[in-house]
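Residues per chain are reported as follows:
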Amino acid sequence: MEKCVLVVDDDAMNLRRTTLILEKHYDVLLAKSGEEALDKLREESIDLVLLDIAMPGMSGIETLRAMKDNEMDVPVIFLTASGYEDDVMTAIRLGAANYLKKPFMPKILLERIAKEFEKK
């Protein structure tokens, strides 16, 4: 069975691009908001979350906090256009496995995901 990756981003173009990169290697689920991501995490068997930090409504940081509060122990790699060190440090402190600045090279994304799956 293939690993399942949940991609969470409010930008449809980012969702499409990331899906194109991942779909040959993993099962891919999409969510357009933190709230939708939490619903999918409750309903599906998900092995890894790729999570945008800056989203309207529930941010990626708030989504990760909610995951921790609900004992959803799924590794998270943040994808962020923000280079703000505070965002990255907060994400790491909350337990994010890694982060990647947008725009990213497909090869780098696949390497980070593979590295995370090697830990299991």
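No experiment lies behind these values; they were computed from the predicted model shown. (Residues numbered from 1 in each chain as written. Predicted model: local features only at pLDDT ≥ 70, side-chain atom pairs only at ≥ 80, totals over all residues. Heavy atoms only, no water.)

Asks: Teacher, can you tell me more about the pattern of salt bridges here?
Replies: Two side chains that carry opposite charge are able to pair once their charged atoms sit near each other. On inspection of all chains with the given rule, the structure shows six salt bridges. Linking Lys-102 and Asp-9 is a salt bridge whose minimum nitrogen-to-oxygen distance equals 2.8 Å. Highlighted residues: Lys-102 in the loop between strand 5 (98-101) and helix 5 (106-118) and Asp-9 in the loop between strand 1 (4-8) and helix 1 (12-22), separated in sequence by 93 residues. With respect to class, Lys-102 is no different from Asp-9; both count as buried. Across the salt bridge formed by Asp-52 and Lys-102, the nearest N and O atoms sit 3.2 Å from each other. Here Lys-102 lies in the loop between strand 5 and helix 5 and Asp-52 lies in strand 3 (residues 48-52), a separation of 50 residues in the sequence. According to the relative accessible area criterion, Asp-52 is buried, its value standing at 4%. Linked by salt bridges that have partners in common, Asp-9, Asp-52 and Lys-102 make up one network. (Salt bridge = Lys/Arg side-chain N within 4 Å of Asp/Glu carboxyl O. Helix = DSSP H or I, 4+ residues; strand = E, 2+ residues; numbered from the N terminus. Buried < 20%, exposed > 50% of the residue type's maximum accessible area, 1.4 Å probe, protein only.)

Asks: Is there a simple way to think about the packing of aromatic side chains in this case?
Replies: Each aromatic ring pair is described using two quantities: the centre-to-centre distance and the angle formed by the ring planes. Overall, the coordinates contain one aromatic pair when judged by the stated rule. Here Tyr-26 and Phe-117 contribute two aromatic rings whose centre-to-centre distance is 5.5 Å and whose plane-to-plane angle is 55°, an arrangement assigned as tilted. Residue Tyr-26 is found in the loop between helix 1 and strand 2 (27-31), and its partner Phe-117 is found in helix 5; the two are separated by 91 residues along the sequence. Since its relative accessible area comes to 12%, Tyr-26 is described here as buried. The ring of Phe-117 carries the charged tip of Lys-3 above its face, separated from the ring centre by 5.2 Å. The ring of Phe-104 has Arg-17 sitting right over it, with the charged end atom 4.8 Å from the ring centre. (Phe/Tyr/Trp six-rings, centres within 6.5 Å; stacked < 30°, edge-to-face > 60°. Lys NZ or Arg CZ within 6 Å of the ring centre and 35° of its normal.)

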